Amino acid sequence: MKIKLIGNTSGLLAGVNYLSEDLNFTIANDGYPILVVNRPGPIEIKVSNGQGGIFFEKKIHFYRALGLWLEYFKKGKEFHVVEHPQFETSGVMIDASRNAVLTTDGLKMLLRKMAVMGLNLAMLYTEDTYEVPEYPYFGYMRGRYSEKEIETCDDYADKLGIEMVPCIQTLAHLREALKWNYSNEFRDTEDILLVGEPKTYEFLRNIIKAATKPYRTNRIHIGMDEAHQLGLGNYLKKNGYHNRFEIMNQHLKEVVQITKELGLKPMIWSDMYFRLGSKSGDYYDKDATIPEEIIKEIPDVQMVYWDYYHTEEDHYERMLTMHKLLVDEPVFAGGLWTWNGIAPNYGKAFRTTEAALKINKKLGIKEVFATIWGDNGAETPIQTALLGMQLYAEHTYHQEVSLEHLSERFEFCTDCPLEHFLLLNKFDETPGVMKDNLFESNPSKFLLWQDILIGLYDKNIEGFPMGQHYKKLIQPLHDAQKNSRGMNLLFHFYEELARVLSVKAELGIELKTAYDKADQEAVHTCLGKIAFLKQNVEKLRLAHKKLWFSTNKPFGWEVLDIRYGGLLTRICTAEERIQEWLHDPSTKVEELEEARLFYDGIYNFGEEGTLGRNLYHRIVTVGVFSD
């Protein structure tokens, strides 16, 4: 449609042009007139007597209001809608360190969606995926961003009213950066820096300067989380044992001094202070005690309380209250559960978000953001985060958010029905998994990658109609692919995944049963299914590849190519071994001779309502994978 913006549109038109194609409108002199008024107060949109109105305070409020206005105008009636922002800052943290590094076009796509939703903070999490001139191996072959790429995206975000903030690491989570020999003199453990070493602070000054140079903001997230072995590696050899609270504070003071000299305002993840104050090292320990003398020594930083796990409102209230003993205005970070496996876990994301944001509003927390992690190879596509982002956005402008309201807003902002995205939740919320998948089961991942002959998770799924479950998803996903503008690659990938899992999910069980009975006809039937998988796993790989390259740099895809290649090769090996047995049943397939055991290892919670969860290297083999 055509619209005409009247009033003070200074600083808005560039962003309007960015959004025009996505929202299907053009600016024209003969367009529908909309009065634009920048003033303090809530968002207000209306149509009355043939004229529209948009009233807003912040630039980000204008872009949300513009989307709202277009959404309501399509209904063909006069309207007057008011929204009251609940937070000063609300946004997302985008993981660019787990192999998937968004291209500038991919990041711009996400920024446009954020603007229409009304999210005004984009943190780019880069452990080593940005250029540091002094260290050519820093981010080498990892798809690191150039200074120009980040500067371009920062300019784009600013036009949309979004603050981009660098999010780096300055203590732990630096395994990929520290694996090269240049770091030998300032490495404590394989992923933690050596506190107190002058070369450590030379390194940190260089990476902080490089990380912040392309951004217009003076804010920076300097990490500091999950340094579990702090002071227990080379530091211990060099200095002997020291109180780890003191080591943490000593290091934080040094890093904050660097940021202060560079004119920066730092924030950190808060967990290490709570872990060190817990006898069990648990971040969320209600009995954790941080000594008063340590609290007094904490430098002037914002603290980010991150919590992706809890569904109880009183838990969040207790933790936020404890944080307020450390800093006046803590920041909250929740999770969108894009890292569960190869599909999103919307059930857990929704349950945790609803509880957390309700308490954040109650306690007057000013800044919140949602993390979009990509653990274990970023198998889950970034587009799946859009639904969780929409949930955060609606909570940012409303006290309560109904599913009906969320559905309407999501379809407008993404041009895709909410029910299509909810299909993706069924990949892991399967038979045998509790409602909302609160124990984070990821059968779609372990059933895809597990070996047909070894079947480490076969016992876990025994008796559940997994194949039939995935078969029922194929047609709805095919329909979603045809009816979702701009999301066809996403739904094509998941359609192919459902097709593969509909056959592969229970194939190991069928093969083992047939083999144990020496039922050659049944084994031959399994052989036919293996032939089907050889063809369709390759189709799945190609669909995944096309989707990956639509938003991400090529670096990191090699890991998934290797996973698919391993899967295809093992399928071929299984086919060959079974053919040999059919030719001569007196031979043995040793893997099928072994009795199947329930997977009783890491990530097994021993609870009903979960089939298990694991990382790739623990799914494909119990052999030595890399050490």
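Data block above holds the structure.
The sections below set out a description of the structure shown in this document. Because the structure is a prediction, the values reported are computed rather than measured. (Residues numbered from 1 in each chain as written. Predicted model: local features only at pLDDT ≥ 70, side-chain atom pairs only at ≥ 80, totals over all residues. Heavy atoms only, no water.)

## Topic: the overall build of the chain
Thinking step 1. When helices and strands are tallied, the chain shows 24 helices and 16 strands.
Thinking step 2. Radius of gyration (C-alpha) of the chain: 26 Å, near the 25 Å computed for a compact globule of 627 residues.
Thinking step 3. Considering only C-alpha atoms, the chain reaches an extent of 85 × 70 × 45 Å along its principal axes.
Thinking step 4. In the chain, which comprises 627 residues, the proportion classed as buried is 59%.
Thinking step 5. Of the contacts made within the chain by residues no fewer than 6 positions apart, 76% connect residues no fewer than 24 positions apart.
Thinking step 6. Looking at the chain as shown, the accessible area adds up to about 25,400 Å², and 49% of this sits on carbon and sulfur atoms.
Thinking step 7. The chain carries 72 positive and 90 negative side-chain charges, and their two centres are separated by 4 Å. (Helix = DSSP H or I, 4+ residues; strand = E, 2+ residues; numbered from the N terminus. Rg over C-alpha atoms; globule rule 2.2 N^0.38 Å. Buried < 20%, exposed > 50% of the residue type's maximum accessible area, 1.4 Å probe, protein only. Contact = heavy atoms within 4.5 Å. Areas by Shrake-Rupley, 256 points an atom, 1.4 Å probe, with all protein chains shown as cover. Lys, Arg positive; Asp, Glu negative; His and termini not counted. Charge placed at Lys NZ, Arg CZ, Asp CG, Glu CD.)

## Examining the packing of aromatic side chains
Thinking step 1. Under the defined criterion, the tally for this structure stands at 48 aromatic pairs.
Thinking step 2. Taking 5.2 Å as the distance between ring centres and 75° as the angle between the ring planes, the aromatic pair formed by F62 and Y63 counts as edge-to-face.
Thinking step 3. Relative accessible area serves as the criterion here: at 0%, F62 is assigned to the buried category.
Thinking step 4. Judged by relative accessible area, Y63 falls into the buried class, the value being 0%.
Thinking step 5. Both rings, one in W449 and one in Y616, keep their centres 5.7 Å apart while their planes meet at 85°; by these two values the pair is edge-to-face. (Phe/Tyr/Trp six-rings, centres within 6.5 Å; stacked < 30°, edge-to-face > 60°.)

## Things to note about helix α3 (residues 104–117)
Thinking step 1. For α3, which comprises 14 residues, the first-to-last C-alpha distance of 20 Å matches the rise-based estimate of 20 Å (1.5 Å per residue) to within 8%.
Thinking step 2. Counting buried positions over the 14 residues of α3 gives twelve, a clear majority of the element.
Thinking step 3. Within α3, the full set of buried residues consists of G106, L107, K108, M109, L110, L111, R112, K113, M114, A115, V116 and M117.
Thinking step 4. In the segment just after α3, G118 is the residue with positive phi, at about 100°. (Expected span 1.5 Å × (residues − 1).)

## With respect to the pairing of strand β5 (residues 51–56)
When a strand is regular, its side chains alternate between the sheet's two faces.
Thinking step 1. Taken across its six residues, β5 has five buried, putting it largely inside the fold.
Thinking step 2. Relative to β5, strand β3 (residues 32–38) is paired through five bridges, and the arrangement is parallel. Among the inter-strand pairings, L35 is bridged to a residue of β5, identified as G53.
Thinking step 3. Pairing between strand β4 (residues 43–48) and β5: five bridges, direction antiparallel. Across the sheet, the residue bridging to K46 is G53, located in β5.
Thinking step 4. The hairpin turn running from β4 into β5, its antiparallel successor, is two residues long, and N49 in that turn takes a positive phi close to 55°. (Pairing = 2+ DSSP bridges.)

## A look at the side chain of R64
Thinking step 1. Along the chain, R64 falls in helix α2 (residues 59–73).
Thinking step 2. With a relative accessible area of 0%, R64 lands in the buried category.
Thinking step 3. In terms of polar contacts, R64 uses its side chain to reach the backbone carbonyl oxygen of M117, at 2.6 Å.
Thinking step 4. Not counting residues within four places of it along the chain, the set of residues in contact with R64 comprises I43, E83, A115, V116, M117, G118, A393, E394, Y397, H398 and R409. (Polar contact = N/O pair within 3.5 Å; in protein donor to acceptor, adjacent residues only side chain to side chain.)

## Examining the pattern of salt bridges
Thinking step 1. On inspection of all chains with the given rule, the structure shows 45 salt bridges.
Thinking step 2. Between D436 and R351 there is a salt bridge, and its shortest N-O distance comes to 2.9 Å. Note that D436 is positioned in the loop between α15 (418–425) and α16 (443–449) and R351 in helix α12 (residues 346–362), a separation of 85 residues in sequence.
Thinking step 3. You can call D436 buried: its relative accessible area is 14%.
Thinking step 4. A salt bridge links D561 to R541, with the shortest nitrogen-to-oxygen separation between them at 2.9 Å. (Salt bridge = Lys/Arg side-chain N within 4 Å of Asp/Glu carboxyl O.)

## Some thoughts on the packing of helix α6 (residues 198–212) against helix α8 (residues 244–261)
Thinking step 1. The N-to-C vectors of α6 and α8 enclose an angle of 40°; their axes lie 10 Å apart at closest approach. Here α6 is positioned oblique relative to α8, judged by the angle of their axes. As α6 packs across α8, the resulting crossing turns out to be right-handed. Only H251, E254, V255, I258, T259 and E261 of α8 make contact with α6, whose side of the interface consists of T200, Y201, L204, R205 and I208.
Thinking step 2. Residue composition of the contact of α6 with α8, by class: five nonpolar, three polar and three charged. (Axes fitted to C-alpha atoms, helices over the stretch in contact; angles between N-to-C directions. Parallel < 35°, antiparallel > 145°, perpendicular 65-115°, else oblique. Left-handed = near helix turned anticlockwise from the far one by under 90°. Nonpolar A, V, L, I, M, F, W, Y, C, P; charged D, E, K, R; others polar.)

## Some points on α12
Thinking step 1. In a regular helix each residue adds 1.5 Å, so 17 residues correspond to 24 Å; α12 covers 24 Å between its end C-alpha atoms and thus fits that length.
Thinking step 2. Counting buried positions along α12 gives 13 out of 17 residues, so the element sits mostly inside the fold.
Thinking step 3. Remark: G364 follows α12 within two positions and exhibits a positive phi of approximately 75°.

## Looking at the nonpolar core
Thinking step 1. Ranked by internal contacts, the top residues of the largest apolar core, which has 220 residues, are F62, W69, L111, Y273, M389, F421 and F427.
Thinking step 2. Setting aside anything within four residues of it in sequence, one finds F427 in contact with A343, P443, S444, Y470, L473, L477, Y494, L497, A498 and L501. (Core = buried A, V, L, I, M, F, W, Y, C linked by side-chain atoms within 4.5 Å.)

## Considering the sheet that holds strand β6 (residues 79–83)
Thinking step 1. One open sheet holds the six strands; their spatial order is β2-β1-β3-β5-β4-β6, and the pairing between them is mixed. On the outer flanks of this sheet lie β2 (26–27) and β6, each paired with one strand and no other.
Thinking step 2. Inspection of the sheet shows β4 paired to β6 by five bridges, in the antiparallel sense. The residue bridging I43 from the neighbouring strand is E83, located in β6.
Thinking step 3. The sheet strands contacting α2 are β1 (2–7), β3, β4, β5 and β6, and the helix crosses β4 at an angle near 35°.

## Focus: the side chain of N442
Thinking step 1. Among the secondary structure elements, N442 is positioned in the loop between α15 and α16.
Thinking step 2. Taking relative accessible area as the criterion, N442 reaches 0% and is therefore assigned buried.
Thinking step 3. There is a polar contact of 3.3 Å between the side chain of N442 and the backbone oxygen of N614.
Thinking step 4. Not counting chain neighbours up to four residues away, the residues in contact with N442 comprise N340, G341, D428, G612, R613 and N614.

## Observations concerning the packing of helix α13 (residues 386–397) against helix α14 (residues 403–414)
Thinking step 1. Running from N to C, α13 and α14 point in directions that differ by 120°, and their axes come no closer than 10 Å. Taken together, the axes of α13 and α14 lie oblique to each other. Of the two elements, α13 crosses α14, and the hand of that crossing is right-handed. For the pair α13 and α14, the contacting residues are L386, L387, Q390, L391 and E394 in the first and H405, L406, R409, F410, C413 and T414 in the second.

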